[in-house]
Amino acid sequence: AEVMSEAVYPVVQALVRATVGAGAGSGETAVVNEALLSLLDTRAQSRRSADLHEATSRIEKHCLYFGQQDKVPAISRLSQGLLTKAKSTNSAALVAYLDLLRQMFVLRSTRYTIGADLPPLPAATAAALTPSNTLAATATYALNTLGSTGSSLSTLTLTGGGASGRELAITPAAANAVAGEVAPVRVCSTVANFQQSTVGTPTELTMLRDIVFSMQGVAGTVTCLSEEKKELQLKPAAGLSAPQFLMTERLMEPGWLFRKIDEYVKTPCSGLVAKSFNCALETEIKEYYRLVAVLDNQLRVKDAATAAADASGGLSLWRLQVWTEQPTKRLFVLALLADTVRGKRGGAVASAVHSFARHGDPHVYAVVAHVLSQVARPIFAMIQQWVTEGEISDLEGEFFVAVDATVAPGRTWQDKYSLRDAMIPSFISHQTAQKIFLIGKSINFMKQCCQETYHFPSVAFNAEELDYNKMESFDRYISNACDKASNRLISIMFDKYELMKHCVAVKRYLLLGQGDFIQYLMSLVESQLSQPAHTLYRHNLTSVLESAIRGSNAQFDDPDVLKRLDIHLDKETQGKTGWDTFSLCYAVDVPISTVFTPEVMQTYLLIFRLLWRVKRVEHALTTVWRTHASCAHLLRRVQDLSADLHGARILQNEMMHFVSNVQYYIMFEVLECSWTQLETEIRQAADFDQLIAAHEKYLKRILEKALLTNATEQMQTVLQSILSVIISACAAQENLYDTAFKLVQTQTGDSVLQEEDTVDLQQMLPEVRQQVSVTAMQYRKLFAKFTECLSKHAIDPNIQFLMFRLDFNEYYTNQEKHVLRPVADSYIDEEPPPEQQPDAAAAAVVSPRDTSRAASASKPHYTYATGVVSPRDTSRKKPT
Amino acid sequence: EPRRKGHGRRERRTATRMPREIITIQAGQCGNQIGMEFWKQLCLEHGLSPDGMLTEEASAHAGGVGDRKDVFFYQADDEHYIPRAVVLDLDPHVINAIKNGAYSSFYNHENIMMPNADGAGNIWARGYSTAESVHEEIFDTIDREADNSDSLEGFVLTHSIAGGTGSGMGSYLLERLNDRYPKKLLQTYSVFPNQVESSDVVVQPYNSILTLKRLALNADCVIVIDNAALNRIASEHLLIPEPSFAQTNSLVSTVMAASTTTLRYPGYMNNDMIGLFASLIPTPRCHFLMTSYTPLSIDTKAPTSVCKTTVLSVMRRLLQPKNIMVSCPTRKQGCYISILNVIQGDVDPTQVHNSLQRIRERKLANFIPWGPASIQVALSRKSPYVKTAHRVSGLMMANHTAIASLFGKCLEHFDQLWNRKGSCPPFIEQYKKEPMFEQSLDEFENAREVVQQLVAEYRAAERPDYVTFRL
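Criteria and thresholds
- Residues numbered from 1 in each chain as written.
- Chains lettered and ligands numbered in written order.
- Predicted model: local features only at pLDDT ≥ 70, side-chain atom pairs only at ≥ 80, totals over all residues.
- Heavy atoms only, no water.
- Helix = DSSP H or I, 4+ residues; strand = E, 2+ residues; numbered from the N terminus.
- Rg over C-alpha atoms; globule rule 2.2 N^0.38 Å.
- Buried < 20%, exposed > 50% of the residue type's maximum accessible area, 1.4 Å probe, protein only.
- Contact = heavy atoms within 4.5 Å.
- Salt bridge = Lys/Arg side-chain N within 4 Å of Asp/Glu carboxyl O.
- Polar contact = N/O pair within 3.5 Å; in protein donor to acceptor, adjacent residues only side chain to side chain.
- Nonpolar A, V, L, I, M, F, W, Y, C, P; charged D, E, K, R; others polar.
- Expected span 1.5 Å × (residues − 1).
- Pairing = 2+ DSSP bridges.
- Axes fitted to C-alpha atoms, helices over the stretch in contact; angles between N-to-C directions.
- Parallel < 35°, antiparallel > 145°, perpendicular 65-115°, else oblique.
- Left-handed = near helix turned anticlockwise from the far one by under 90°.
- Right-handed = clockwise from strand over helix to strand, strands pointing away.
- Disulfide = S-S within 2.5 Å.

Student: Can you lay out the overall build of chain B for me, pointing to particular residues and giving the numbers?
Tutor: Summing up its helical and strand segments, chain B has 18 helices and 12 strands in all. The C-alpha atoms of chain B give a radius of gyration of 22 Å, which matches the 23 Å a tight globule of 471 residues would have. Taken along the three principal axes of its C-alpha coordinates, chain B extends 80 × 55 × 50 Å. In chain B, buried positions account for 64% of the 471 residues. In chain B, the share of contacts with a sequence separation of at least 24, taken over all contacts with a separation of at least 6, comes to 83%.

Student: Describe the interface of chain B and chain A, listing the residues and the values that go with them.
Tutor: Residue-level contacts link 71 residues of chain B with 76 residues of chain A. Connecting chain B to chain A are 2 salt bridges. Measuring nitrogen to oxygen at the nearest pair gives 3.6 Å for the salt bridge that ties Glu153(B) to Arg626(A). The tally of links between chain B and chain A comes to 21 residue pairs in polar contact (both at pLDDT 80 or more). Every element with two or more residues in the side of chain B that touches chain A is listed here: helix H1 (9-14), helix H12 (273-278), helix H14 (349-361) and strand E11 (375-380) of chain B. Element by element, the count of residues in the side of chain B that touches chain A is highest for H14(B), at 7 residues. Counted by class, the side of chain B that touches chain A contains 33 nonpolar, 18 polar and 20 charged residues.

Student: Pulling in residues and values, what's your account of helix H10 (residues 245-259) of chain B?
Tutor: With 15 residues, H10(B) extends 21 Å between its outermost C-alpha atoms, agreeing within 8% with the 21 Å of an ideal straight helix rising 1.5 Å per residue. In terms of burial, H10(B) is largely enclosed, as 13 of its 15 residues are buried.

Student: Residues and numbers for unusual backbone geometry, please.
Tutor: In the segment running from Val590(A) into Pro591(A), the intervening peptide bond is cis, with an omega of 5°. Residue Asn270(B) is not a glycine yet carries a positive backbone phi of 50°. Counting through the fold element by element, Asn270(B) comes out in the loop between helix H11 (261-264) and H12. For Asn270(B), a relative accessible area of 4% gives the class buried.

Student: Describe the sheet that holds strand E9 (residues 288-294) of chain B, with residues and values.
Tutor: Residues and elements named next belong to chain B. Spatial ordering of the open sheet is given by E5-E4-E1-E6-E7-E8-E9-E12-E10-E11, a layout of 10 strands whose pairing is mixed. What marks the edges here is a single partner per strand, and that holds for strand E5 (112-113) and E11. Pairing geometry for strand E1 (residues 22-27) and strand E6 (residues 154-160), over 5 bridges, is parallel. When the bridges of E6 are listed, Ile22 appears paired with Gly154. Running over the sheet, helix H2 (residues 28-46) touches E1, strand E4 (85-88), E6 and strand E7 (185-192) and is turned about 135° from E1.

Student: Account for the packing of H2(B) against H10(B), with residues named and values stated.
Tutor: Residues and elements named next belong to chain B. For the pair H2 and H10, interaxial distance at closest approach is 8 Å and the crossing angle is 55°. As summarised for this structure, H2 and H10 are arranged oblique, according to the angle between their axes. Here H2 runs over H10; the crossing is right-handed. Contacts from Gln33, Ile34, Glu37, Phe38, Gln41, Leu42 and Glu45 of H2 reach H10 at Asn249, Ser250, Val252, Ser253, Met256 and Ala257. For the contact of H2 with H10, a count of residues per class yields 6 nonpolar, 5 polar and 2 charged.

Student: Outline the pairing of E11(B), listing residues and values.
Tutor: Within a regular beta strand, the side chains point alternately toward one face of the sheet and then the other, so they alternate between its two faces. All names here are of chain B. Taken across its 6 residues, E11 has 5 buried, putting it largely inside the fold. Direction of pairing for strand E10 (residues 336-345) relative to E11: parallel, over a ladder of 6 bridges. Each bridged residue has a counterpart across the sheet, and for Asn341 the counterpart in E11 is Val377. Between the parallel pair E10 and E11, the chain is carried across by H14, and the sense of this crossover is right-handed.

Student: Break down the state of the cysteines for me, with residues and values.
Tutor: Throughout the structure, instances matching the rule amount to 0 disulfides over all chains. For the unlinked cysteine Cys673(A), the closest cysteine sulfur is that of Cys503(A), found at 18 Å. When its relative accessible area of 7% is taken as the criterion, Cys673(A) is described as buried. Cys221(B) takes part in no disulfide bond, and the closest cysteine sulfur, belonging to Cys286(B), lies 12 Å away. On the basis of relative accessibility, which here comes to 1%, the residue Cys221(B) falls in the buried class.

Student: Report on the pairing of E6(B), specifying residues and quantitative values.
Tutor: All names here are of chain B. In terms of burial, E6 is largely enclosed, as 7 of its 7 residues are buried. Covered by surrounding structure in E6 are Gly154, Val156, Thr158 and Ser160 together with Phe155, Leu157 and His159, the residues of both alternating faces. For E6 and E7, the ladder comprises 7 bridges, and the chain directions are parallel. Paired with Phe155 across the bridge in E7 is Leu186. The parallel pair E6 and E7, bridged by helix H7 (residues 165-180), forms a crossover whose chirality is right-handed.

Student: An account of the pattern of salt bridges is requested, with residue identities and associated values reported.
Tutor: Proximity of charged atoms lets side chains of opposite charge pair with each other. Inspection of every chain in the model, using the stated rule, returns 50 salt bridges over all chains. Of the charged contacts in the structure, one is a salt bridge between Arg508(A) and Asp557(A), with a shortest N-O distance of 2.7 Å. Of this pair, Arg508(A) sits in helix H20 (residues 499-509) while Asp557(A) is found in the loop between helix H22 (538-550) and helix H23 (559-564), placing the two residues 49 residues apart along the sequence. Residue Arg508(A) is classed as partly exposed on the basis of its relative accessible area of 30%. For Arg448(B), the salt bridge identified is with Asp415(B), shortest N-O distance 2.7 Å. In this pair, Arg448(B) is assigned in helix H18 (residues 442-460) and Asp415(B) in helix H15 (residues 404-418), connecting sequence segments 33 residues apart. In this structure, a network of salt bridges that share partners links the residues Glu498(A), Lys501(A), Asp558(A), Asp560(A), Lys563(A), Arg564(A) and Asp589(A).

This is the structure in structure tokens:
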């Protein structure tokens, strides 16, 4: 209807122009002025079609009451003109003609005379009336035409008729069609019925009585129930004149609407909201009954009066029409509401009713507002309970917050409650609904999970005083309450449940922040974790954890934190060592577990694994460094090994540099920077959801930066391989030092070895060297691959950070400049990827198969990179 | 599900711990002076009073403030903290001063040893042989301290290389500790004499060369403190015209305390000595580190302006030669083998990367061409008991090849003295009295060669072909 108003407006303008013209020409000043005034009024107030309809029908009414007889010829002239036009088979003109006809009948009936100048129906019109070309379709067409080409229609009428007052006849009819869906059909059926009505005219009294009966749904003399027993109909053979027929039919509308509403009310419905809608309808129906009672009473007066004298007092068809006009409109709106609401539940009912609340017609608005206030009452009661107590008493599932009672306590916050979008009444914005949802959820969470009572800080709102088109104050109230509830919940999480303490604890233990503890733990579990995973016993490790806590500064930590710290061993142990299955875990309970959900903990586990592995590699490297440091002054005496030892140290330096810079990168760029951001974001979090989101974002950032996402999977794989190779390299170097140390002992005569052992030692030496050089090659190869991977992602600033750190003195950049890419690409590809057998890698290198292959493949490698190995090469050729 | 309810806390008191203890051995006048300053600084940082009790402020924090006192201290039965320190001197002067001062009850008195009250007379050989003669007594004490630790990490020796006691005794200790505790780290804070000005100890070059040999062969890490640089920093930087020993020693104690801060306030990394040095010392012989610290202040009336400290400004200043506590041309000559910056204070971790980037752009540090190297940064907490005006402070420990020039100077001075005209080198009689030099003076030649080799290795480490280096 609102869309139509825009299109109709030009028509109104044309109408106004025409009326002014008519007023000046034909002396119908009173009518014209009245019409003009009301139209201008309408124009000033609203452009809505309903108002327009109102205005136009008022003009129509004026014509009816003060309607001067001399107007009839004018209209008839217009009809003639239109007929001429209709002959050119313009169906718009045809429709206009039909409406005109109706208008004329109305006018004629006023006078109870049927003029002889009634134009006969042209053939074209008759054709239009046949069932094949139904009038409903024509009317719809008219409607469409009006909508799209309102101005052309008015142009048409202007050209069609000579007198300027004639447009009056057309536009109201069209607007009628616009206002109610029923109208066009009724217009058509009227005409159809008129065609058939021929004989016997009942008295006005009979008609009046029948009409009052019809208002109660009871059949009378001229009315009968239709075949489907659904609707009252005028008996075709009741002998009504055409105007009578039309009038009666019009007056029977309230009855029809009443039946419709009554039927709806009597249909059983479920849900509080729907019931209160029914209740509102019933109240309205009571009003209607009162009207009927009054009319009935009037009818009795009329009965008496008829007996006495003339029809000067009491009820007449015309009076009845005037009196029932407002109630009919009211019923019409109610019936419309009932139709819209049908089959809907809960908040959707309220939304449906609210969709009429923007009606420009104050009467319509009043009806809708009343119904709406009734309908909204149960919803507001639910909101009230939810935002003050965090409880829902919603048996029928009508509230826009749904509850799932089966949710485990750990997921209360995330999964127990959800928002039903369809049930949000349209007068509550989605944003406010979200807030309402959050308030109740927070209060409920505080009660259920935090053992906190929460008293709603301010007086609750008054649902009765709400204006459904102006919900600002309600919104303000809700967002205020939301802030308070959220703040309270956040402060409970921080103060009572020490969320920050747990965050720090997790960072300290699962993200290895407590360095001395981790170091101690590492040295304690080292030997155990090198065993196959299935030989590990949880209780052994638990006692080790206990010692690590006692032996480090962790002992001063909160006992509550320490008792939550535990060992986690993967269930899957097949072919894995302890290193692969071991991790630390941190137990949390409700409500902290809302932040540290099992998924979040899984992520922590993932990060822990990487950090722990890097730490382990660092540990292995420092151990080798220590071994060398402790015997360096002795090993100096073995001249023929000095080059090997030196080379080993150079490689160690490279690996150490790699590992410590990866660690520095993880520490600063990944952990600390993310942590700083987390601290800021947690401080800014306005509600618990944001708090959780901040923490999840923190983890996501760490994952991304630590190359643990899918996007960086390749890099992660290479990184893991490098770490594995370093472990093997460390083992190989330990072996080298050990052999060298034994050699020194034999040379200095300190040895406890037998002579044959010494010979063995000499024989082993090349093999040991081989190990060292193979691991060196593997490492450098993989490192090159890693930097290659990194440079592929060089746009990512995090990767840039890492690259920058790894090549701080541009050693690798310069190296690339001077040396061609390695020749031995195929070498590594043949090799089984070291990451598959991380700890067996060291052992694998010693096997003769590998040794021989490495020996054959190592030759081209000497051209690569620094040429570290070349002196060793010469030394190897020396007879030993 | 949380486990281990109730018990635990009680057990912890008596259970073994793993502090990675460090035993400090202070030898000679200089060694004891800087040692004492170091302990004073540690007391300050851990909230300990001179008698080893917790100060009121510190006892308010029952669980500590995240610091580890047990690395350097242990607790006596009455709960007062006793330093893991062995005090050795042949001259009663300094020891008496300690015994009569505020810290009289600080050390374990059994650990204060004065085997010979005559002094070493600045003769290395005398210090060495005296130590040898009483080595049982000394090692009884050291062994006792070592047994007192659960997981001894290593020894720290504080001494000077110029005098008699610190250098001679120190040398002896280095050799013996190396044999006796091969798996333990041996770190020294070695004070190098001011080689610019003439010294009152004429035999200083002899002592230096002989000690340097042991430092090169037996120590795992030597932190070089150059008296000349200390004086320069004090006079030029802190505007103290004639700095006293106490003043320069407080500089040394600042550096010593800062270099152990990551051990005492554990964080992500560098929580033990080995983690600290393993990345700083890639090849075993190049283990002489230089340090710098900023912003420096000496708690005297000397006006020290409070400057703006950011991570970048601190890291820049640390690289400036004028702040480095060794007089050698780090900008003009040689290159850094490794750098570790320990940054303390209120630091935004994001600044670290930016600062590193800036330093690389400006090429403020020149690195080795034969391997990857970078500035490593460790962020460390600041002691809550020490209030400073500066937001950020930093310590640099660097392995720079230019340190060889210091050894070069030692060699030069040695050669000047050794090759003086005459039938035999001057002032040699005193040495000949001791067993080591009775037969021959080969030890001098030998020590010279070791130092010469050390210089050669540092020179080699400046070249890309260092990877193929062979002695």
